[in-house]
Amino acid sequence: MVESLRTKLLLWYTLIIGLIVLTFAIAVCYGFWRSLVEDVDRDLQTVAFVLVEGLRPSESGGVDLELSRQYREFIGRSPRTYYALLNGRGELIDWSDPDVQVPERTPLGVQNRDGRRELGLTAVNGAVVLVGQDMSEARGRVLALAEQVAATGVAVLLLSLAGGWFLTARALAPAARISRAATAMAQGDLSARIPIKGTENEFEHLAAVLNEAFDRLRLAADVQRRFTADASHELRTPLATLAAEFDWALSRERTSASYRECIETCRRASDRMRRIVDDLLTLARSDSDAVLIRREPVELAAAVREAVALLRSLAEQRGVTVVTRLETAWISGDSSQLVHLVLNLLKNAVEYNHHQGRVTIELRVGAGRAQLSVADTGIGIAASDLPYVFDRFYRADKARSGNGAGAGLGLAISKRIVEAHAGEIACQSTLGEGTTLNVRLPLIEPGSIKRS
Amino acid sequence: MRLLVVEDDADLAAALRKALEEEDFAVDVAADGDDGLFKVTHTAYDAVILDVMLPRLDGWNVLERARAAGSRTPVLLLTARDMIEDRVRGLNLGADDYLGKPFALTELIARVRAMIRRAYGGVSTVVTIGDLTIDTAAHTVLRGGGRVALTAREYTILELLVRSKGKLVTRSTIFEHIYDEDAEVLSNVVAVHIAALRRKLGMTLIRTCRGEGYVIDG
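Calculation criteria
Residues numbered from 1 in each chain as written. Chains lettered and ligands numbered in written order. Predicted model: local features only at pLDDT ≥ 70, side-chain atom pairs only at ≥ 80, totals over all residues. Heavy atoms only, no water. Helix = DSSP H or I, 4+ residues; strand = E, 2+ residues; numbered from the N terminus. Buried < 20%, exposed > 50% of the residue type's maximum accessible area, 1.4 Å probe, protein only. Areas by Shrake-Rupley, 256 points an atom, 1.4 Å probe, with all protein chains shown as cover. Contact = heavy atoms within 4.5 Å. Pairing = 2+ DSSP bridges. Axes fitted to C-alpha atoms, helices over the stretch in contact; angles between N-to-C directions. Phe/Tyr/Trp six-rings, centres within 6.5 Å; stacked < 30°, edge-to-face > 60°. Lys NZ or Arg CZ within 6 Å of the ring centre and 35° of its normal. Salt bridge = Lys/Arg side-chain N within 4 Å of Asp/Glu carboxyl O. Polar contact = N/O pair within 3.5 Å; in protein donor to acceptor, adjacent residues only side chain to side chain. Nonpolar A, V, L, I, M, F, W, Y, C, P; charged D, E, K, R; others polar. Patch = residues over 30% accessible without salt bridge, like charges linked within 9 Å, V, L, I, M, F, W, Y side chains within 5 Å. Core = buried A, V, L, I, M, F, W, Y, C linked by side-chain atoms within 4.5 Å. Expected span 1.5 Å × (residues − 1).

Enquirer: When you look at the overall build of chain A in this model, what are you seeing that I'm missing?
Expert: A tally of regular secondary structure across chain A gives 8 helices and 14 strands. Sorting the 452 residues of chain A into buried and exposed places 38% on the buried side. Surface accessibility of chain A: about 25800 Å² in total, with carbon and sulfur atoms responsible for 56%.

This is the structure:
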C-alpha cells in the first residue's frame, strides 16, 4: 500500500511539474517568435518608408525611384529583405530580386504569404511599394530555441523525478516502519513496538499513539491469560473434593447418613465453584476495565453515599451502624468502578463485623489527595495474614469453606480499581478489635473540573 | 501406616481422611505449611500427601525444608497446577510422586502404597514368610493356604513388622505408625495386638526383644 501511494504521489508530482515545464516552454518559444516577428516588421516598415520617400512622380504619370547611395546600401544590407515597386497601373517597375514572385494582386498592409512576411504601402501616383522578408531563418531560430528548451525541460523533469523519488522514500519511511510493527503485532508478537526517534513530525505522533494501543493490547492479553490460569487453578480443588467424595461414595455400600453427609460436602464444593466463577468473572471484568478505564471528573463523596445506600439493608440486617464523615473530593476516573470499590470495602466491614458493631467512613482532602478510610469494629485480621490480604484468592479464614466464604477476590479487585485510578490502598488491623482500609487517590486540579 | 495430609481446603482434607482411614491408614491433617512442616519433622509418618498451594508456607517450601532437615519420608505432591515445570520442580525438590487435582481416589491410594513399599525396600506386593502369604494390596493374610482374619490394626502392625523384616521395631514406633495424633488409647494396646497376632499366626513369628520392641526375623 505504501508503494502504490508513493508511486501515485510521484506520478502526480511528475505530471504537475511536466505541465509547468511545458507551459513555460511554450510561453518562452512563443514570446521569442513574436519578438522576432516584431523585429522583421520593423525592418520591413523602415525599408518600405525609405522606398516610399524615394519615389518621385515621373512625367508619364508613373514613378521613378531615386534613392541615395546610403539608402541603397541600407537596403542592400538586409539580405533577406526584398522589394518590388509597382506603378499605378500595376506594372512591376523595379525589384530587388528577380527571383521574387510578386503576387497577382498586391494587398496593402501586412500579410504572410508562402512563409514570407510582406508589407504593401501606397505611394505617389498610385504606385505600390511591396517589401517582404523570408521568415525561414526566424522559424529556424525559434525551432532551435524550442529544442533547447525541450531538452532542458526533460532534464528538469528527470531530475525532479529523481528528487521526488528520494523525497517520497524519506517521507514515507516512517509509514513503512509503522506498518512493519503493526504487522508483527497482528501476527502475535505482542512485544513489537514502533521505534521513535524523537523528531516531532506527524508520523511520530501516530507512532506514539499506536505504541500505546499496542501496550494496552498486550496488557489485555496478559489479563486474559492470567484469568484462565487462575480459573483453572482455583476450581481444581473443589473439583478434587467432588471427585474424592464421589469415588468414596461409590466404592462400597454406605449408610444413608454417610451418603447424606457426602452429598452435603459435594453441595458445598459446587457452591464454592459457583462463587469462584462469579468472582473470577468480576475480576476479569475489573482487570479489563482497568485497562480501558473511563476518565471523567467524579465526586467521591457522592460515590460513597451511593455505596452506603446500596448496603443499607445488609447493614441493618446485621445490626451494624454505618457512620460517614465526608468532604467533597473531585477525582478523575470511572464513577461506577469507584462505587464498586467503596461497596467492596463496605461489604467486608459489615460482614466481618459483630452485631451492634460500627463502620466509620471518613473522606478528607489534603495535599492534592483524597483520603478515604473505612474502619470497622469487627473480627479483625491476624498480623500474619495482613501482608497477604490483597492477594488474589487469599482468604484469611481458610478453615471456613462453607457458607459466606468467597474466593478471596474482594480486596484484590479493590486494589485493582485503586491502582487503575493512580492511588494507593493499605490495610491496618488488630485481631478481635477491627480493621481499617485506607485509600488515597489524587485530586483533580480544581480549575480543570468541567461540570457536565 | 500413618499418613500426613497437608491440605488447606477443609472439605478436601476431610474427604481424604475419610477415604484413607477406610484403607486402614492413620491420618493426621495439617491446614497450612507451617503446621505441615512442624508435623513432618516431629513425627515419623510413612508418607505425606502435600498440597502445593498452602497458606503461610507453600508446599514447595515445606518439601525443601523437610528434606533439608533430613526427613526421608516419602512425599506425594498434590496440586491444581499440572504443568511439566511443576512436576519437574517437585521431583527435583525431593518429592517421590506427583498427582494433579482432581484425581481418582483409587489412584491416590495406590500411589501412596507404592511409595511406602519403595521406602521400605520392598519390590512386590505379595510377601511370603514361612507359611504366611501376605498380600499388601488386598490386605489379606494366608496361612498355609487358609485365609486368616485380622483386624485392621492387627494387619497394620503385621505389615509394619514384615516391611521392617530383620530390623527391630520399638513399641513406640509401632504406636506412632498405627495411631493418628487424636487417638486416645491405652499404652499397652500394642502388646495386646501383638498377642492377638501370635495367637492367629503362630508364636514363633514375632520375637520380643525385652524392653525394646519386636522383630520378625528374615
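Enquirer: What am I meant to see in the overall build of chain B here?
Expert: Of regular secondary structure, chain B possesses 8 helices and 12 strands. The contacts of chain B with a sequence gap of at least 6 include a subset with a gap of at least 24, amounting to 59%. Accessible surface, chain B as shown: approximately 9600 Å² in total, 51% of it carbon and sulfur.

Enquirer: Teacher, can you tell me more about the sheet that holds strand 11 (residues 358-366) of chain A here?
Expert: Sheet strands pair via backbone hydrogen bonds, and the direction of the pair is either parallel or antiparallel. Residue and element names in this part refer to chain A. With mixed pairing, 5 strands are arranged side by side in an open sheet as 9-11-12-14-13. The open sheet is flanked by strand 9 (321-326) and strand 13 (424-430), the only strands paired with a single partner. Between one strand axis and the next, the sheet turns through 10° on average, direction left out of account. Here 8 bridges tie strand 11 to strand 12 (residues 369-376), and the two strands are oriented antiparallel to one another. Within strand 12, the position partnered with Val-365 by the bridge is Ala-370. Across the sheet, helix 8 (residues 410-420) lies against strand 13 and strand 14 (434-442), angled at about 145° from strand 13, the strand it touches most.

Enquirer: Looking at this structure, I do not really get unusual backbone geometry. What am I missing?
Expert: For residues other than glycine, phi is negative in most cases, and the peptide bonds are mostly trans. Cis geometry marks the peptide bond from Lys-101 of chain B to Pro-102 of chain B, where omega comes out at -15°. Here Pro-102 of chain B is to be found in the loop between strand 5 (97-100) and helix 5 (105-119). Phi is positive for Gln-356 of chain A, which is not a glycine, with a value near 65°. Tracing the sequence through the fold places Gln-356 of chain A in the loop between helix 7 (335-351) and strand 11. Overall, the relative accessible area of 68% leaves Gln-356 of chain A in the exposed class.

Enquirer: How do you make sense of the packing of aromatic side chains when you look at a structure like this?
Expert: The relative placement of two aromatic rings is captured by the distance of their centres and the angle of their planes. Taken as a whole, this structure holds 1 aromatic pair over all chains when the rule is applied. For the ring pair Phe-175 of chain B and Tyr-179 of chain B, a centre distance of 5.2 Å and an interplane angle of 40° mean the geometry is tilted. Residue Tyr-179 of chain B is classed as buried on the basis of its relative accessible area of 6%. Here the basic side chain of Arg-6 of chain A rests over the ring of Trp-165 of chain A, its NZ or CZ set 3.8 Å away from the ring centre. The ring of Trp-248 of chain A carries Lys-18 of chain B above its face, with NZ or CZ at 3.9 Å from the centroid.

Enquirer: Before we go on, may I ask you to explain the pattern of salt bridges in this structure?
Expert: Side chains carrying opposite charge are able to pair once their charged atoms draw close together. A complete count under the given rule lists 31 salt bridges over all chains for this structure. In this structure, Arg-252 of chain A and Glu-22 of chain B form a salt bridge, with 3.8 Å as the shortest nitrogen-oxygen distance. Placement of Arg-252 of chain A in the loop between helix 4 (202-251) and helix 5 (256-291) and of Glu-22 of chain B in helix 1 (residues 10-22) is noted, with the two residues assigned to different chains. The exposure class assigned to Glu-22 of chain B is partly exposed, which follows from its relative accessible area of 24%. For Lys-101 of chain B, the salt bridge goes to Glu-7 of chain B, with nearest N and O atoms at 3.2 Å. Taken together, the positions of Lys-101 of chain B in the loop between strand 5 and helix 5 and Glu-7 of chain B in the loop between strand 1 (2-6) and helix 1 put the pair 94 residues apart, joining distant regions of the chain.

Enquirer: Got a minute to help me understand the pairing of strand 6 (residues 126-129) of chain B in this structure?
Expert: Side-chain direction in a regular strand flips from residue to residue, so the side chains alternate between the two faces of the sheet. Only one face of strand 6 of chain B is covered, namely the one carrying Val-127 and Ile-129 of chain B; the face carrying Val-126 and Thr-128 of chain B has none of its residues buried. Turn length for the strand 6 of chain B-strand 7 (residues 132-135) of chain B hairpin, with the two strands adjacent in sequence and antiparallel, is 2 residues, and the turn residue Gly-130 of chain B shows positive phi of about 60°.

Enquirer: What am I meant to see in the interface of chain B and chain A here?
Expert: Interfaces are often described in size by the accessible area the parts lose on coming together. With 21 residues of chain B in contact, the opposing surface of chain A contributes 24 residues. Applying the counting rule to chain B against chain A returns 5 salt bridges. The tally of links between chain B and chain A comes to 9 residue pairs in polar contact (both at pLDDT 80 or more). Residues belonging to the side of chain B that touches chain A are distributed by class as follows: 11 nonpolar, no polar and 10 charged.

Enquirer: It is not clear to me how a nonpolar patch on the surface should be interpreted in this structure. Could you clarify?
Expert: A cluster of nonpolar side chains, namely Trp-12, Leu-15, Leu-19, Leu-22 and Ile-26 of chain A, defines an oily patch on the protein surface of about 570 Å² accessible area. Inspection of the secondary structure puts Leu-22 of chain A in helix 1 (residues 2-54).

Enquirer: Could you clarify how one ought to interpret the nonpolar core in this entry?
Expert: Grouped burial of nonpolar side chains is what soluble globular proteins tend to show. Formed by 51 residues in total, the largest nonpolar core has its most connected members in Leu-300, Leu-345, Val-359 and Ile-361 of chain A. Per-element tally for this core: the top contributor is helix 6 (residues 300-317) of chain A, with 9 residues. The residues touching Val-359 of chain A, leaving out its near neighbours within four places in the chain, are Val-320, Thr-321, Val-322, Val-323, Leu-346, Ala-349, Val-350, Asn-353, Val-374, Ala-375 and Asp-376 of chain A. By size, the runner-up hydrophobic cluster in this structure holds 50 residues, among which are Met-1, Leu-99, Leu-161 and Ile-178 of chain B.

Enquirer: I'm lost on helix 1 of chain B in this one. Help?
Expert: Side chains that are three or four residues apart share a direction in an α-helix, a result of its 3.6 residues per turn. Residue and element names in this part refer to chain B. Here helix 1 contains 13 residues, and its C-alpha end-to-end distance of 18 Å stays within 8% of the 18 Å for a straight helix at 1.5 Å per residue. Along helix 1, the residues classified as buried are Asp-11, Leu-12, Ala-13, Ala-15, Leu-16, Ala-19 and Leu-20. A side-chain oxygen of the first residue of helix 1 lies 3.0 Å from the backbone nitrogen of Asp-11; this N-cap is Asp-9. A positive backbone phi angle near 70° is found at Asp-24, which sits one or two residues after helix 1.

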